[in-house]
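Remarks on the overall topology
Single-letter residue listing:
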Amino acid sequence: MKFRILILSTLLSGSAWASNYAWIPSPPFRELEAKLTRLQADEVMHKATIAAGKRAAFFCANCHGETGVSTLERVPNLAGQNPLYLLTQIDKFGDGRRQDEFMGGLVKVLKPEERFNIAVFYASQPVPPTPARDARLAETGAKLYARACVGCHGAKAQGSREVARLAGQRIGYVTTALKNYRGATGVRADPRMTGVAKKLSDQDINALAMYLASLP
Ligand code: HEC
Ligand code: HEC
């Protein structure tokens with residue numbers, strides 16, 4: 001793996017879900033992280049980068065929406081997503097670690113600077129939650145989330161650095177993503193997600209997706 005060294009150590013702690021991962025960022029990842037930190041301290045540059053990202057993302061808008069709020073159930077919202085997570089995913093599509101018939105080809109034509117600007121643009125946009133249609137199912141999802149996901153994705157499902165934000169994500173997309181990890185077909189693989197996804201039933205996945213979409 002180019003961008004990370006992953007050390008997995010399972011904790012012997014009663015809960016079948018519990019595992020502890022120490023993640024060591026690679027030098028290119030740290031460089032991007034430092035670049036983002038500098039950008040966030042410079043309001044003028046930040047605004048200019050957002051504007052450049054919006055221009056570079058004109059084609060992406062066809063599927064992901066003008067501001068990264070998708071209207072297609074299988075297409076993820078990019079709005080509000082963590083920028084380093086977005087950059088990692090763009091790299092994964094580019095080198096085949098993640099597979100999608102559209103995305104693989106599309107990202108190959110993006111220069112590193114365009115990738116960076118696009119990620120900063122989407123990250124700066126608000127994402128609206130989708131109210132749960134089935135409150136009981138969402139409640140089941142909330143309980144499962146607190147047990148199995150909160151350690152990495154955070155109390156409010158905002159993620160961090162290269163961990164995905166899940167709050168406000170589309171139901172259809174979250175369902176597909178979890179099934180892709182669970183299926184271990186290579187369409188999408190990440191050791192941190194594959195282990196946890198293997199334990200989820202279809203009902204668990206539906207409950208989690210409804211709960212997560214409803215979060216602001
Ligand atoms: C033809 C429709 C289409 C276009 C155009 C498109 N995308 Fe996508 N994008 C998708 C789909 C579908 C997925 C989800 C693939 C999957 O299920 O893994 C996706 C996923 C992504 C993801 C992963 C998000 C996540 O939460 O993991 C990123 C990042 C992304 N696209 C960026 C872009 C960028 C940048 C552009 C413009 C250069 C773009 N996309 C253009 C359809 C599209
Ligand atoms: C050990 C840490 C860890 C745990 C526990 C974990 N996740 Fe994740 N999750 C990640 C990481 C890291 C990614 C990004 C992986 C990648 O690059 O594909 C991710 C990605 C995802 C994605 C894809 C998001 C997107 O935008 O494409 C979904 C959906 C998801 N996780 C849901 C869950 C749910 C639901 C649970 C609990 C059942 C959970 N995760 C538990 C670390 C974790």
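To be clear, the structure that these remarks concern was listed above.
This write-up is about the structure you can find in this document.

Rules and cut-offs
- Residues numbered from 1 in each chain as written.
- Chains lettered and ligands numbered in written order.
- Predicted model: local features only at pLDDT ≥ 70, side-chain atom pairs only at ≥ 80, totals over all residues.
- Heavy atoms only, no water.
- Donors = N, O, S within 2.8 Å, 3.2 Å for Na, K, Ca; no water.
- Tetrahedral: all angles 85-135°; square planar, octahedral: opposite > 155°, others 65-115°.
- Helix = DSSP H or I, 4+ residues; strand = E, 2+ residues; numbered from the N terminus.
- Buried < 20%, exposed > 50% of the residue type's maximum accessible area, 1.4 Å probe, protein only.
- Salt bridge = Lys/Arg side-chain N within 4 Å of Asp/Glu carboxyl O.

1. Considering the coordination of the iron atom of ligand 2
For the iron atom of ligand 2, every protein donor is listed as His153 (NE2) and Met193 (SD), and the spread of their distances is 2.0 to 2.1 Å. Of note is the iron atom of ligand 2, whose six donor atoms meet at the metal with angles of 85 to 180 degrees in an arrangement that counts as octahedral. In this pair, histidine 153 is assigned in helix α8 (residues 150–153) and methionine 193 in helix α10 (residues 191–197), connecting sequence segments 40 residues apart. Here histidine 153 falls in the buried class, since its relative accessible area comes to 10%.

2. Overview of the pattern of salt bridges
Under the counting rule described, the total for this entry stands at eleven salt bridges. A salt bridge links glutamate 73 to arginine 170; its shortest N-O distance comes to 2.9 Å. Of this pair, glutamate 73 sits in the loop between α3 (61–64) and α4 (83–95) while arginine 170 sits in the loop between α8 and α9 (171–183); the two residues are 97 residues apart in sequence, bridging distant segments of the chain. Under the relative-accessibility criterion, glutamate 73 is labelled partly exposed at 37%. Close ionic contact of aspartate 190 with lysine 92 constitutes a salt bridge, the shortest N to O distance being 3.5 Å.

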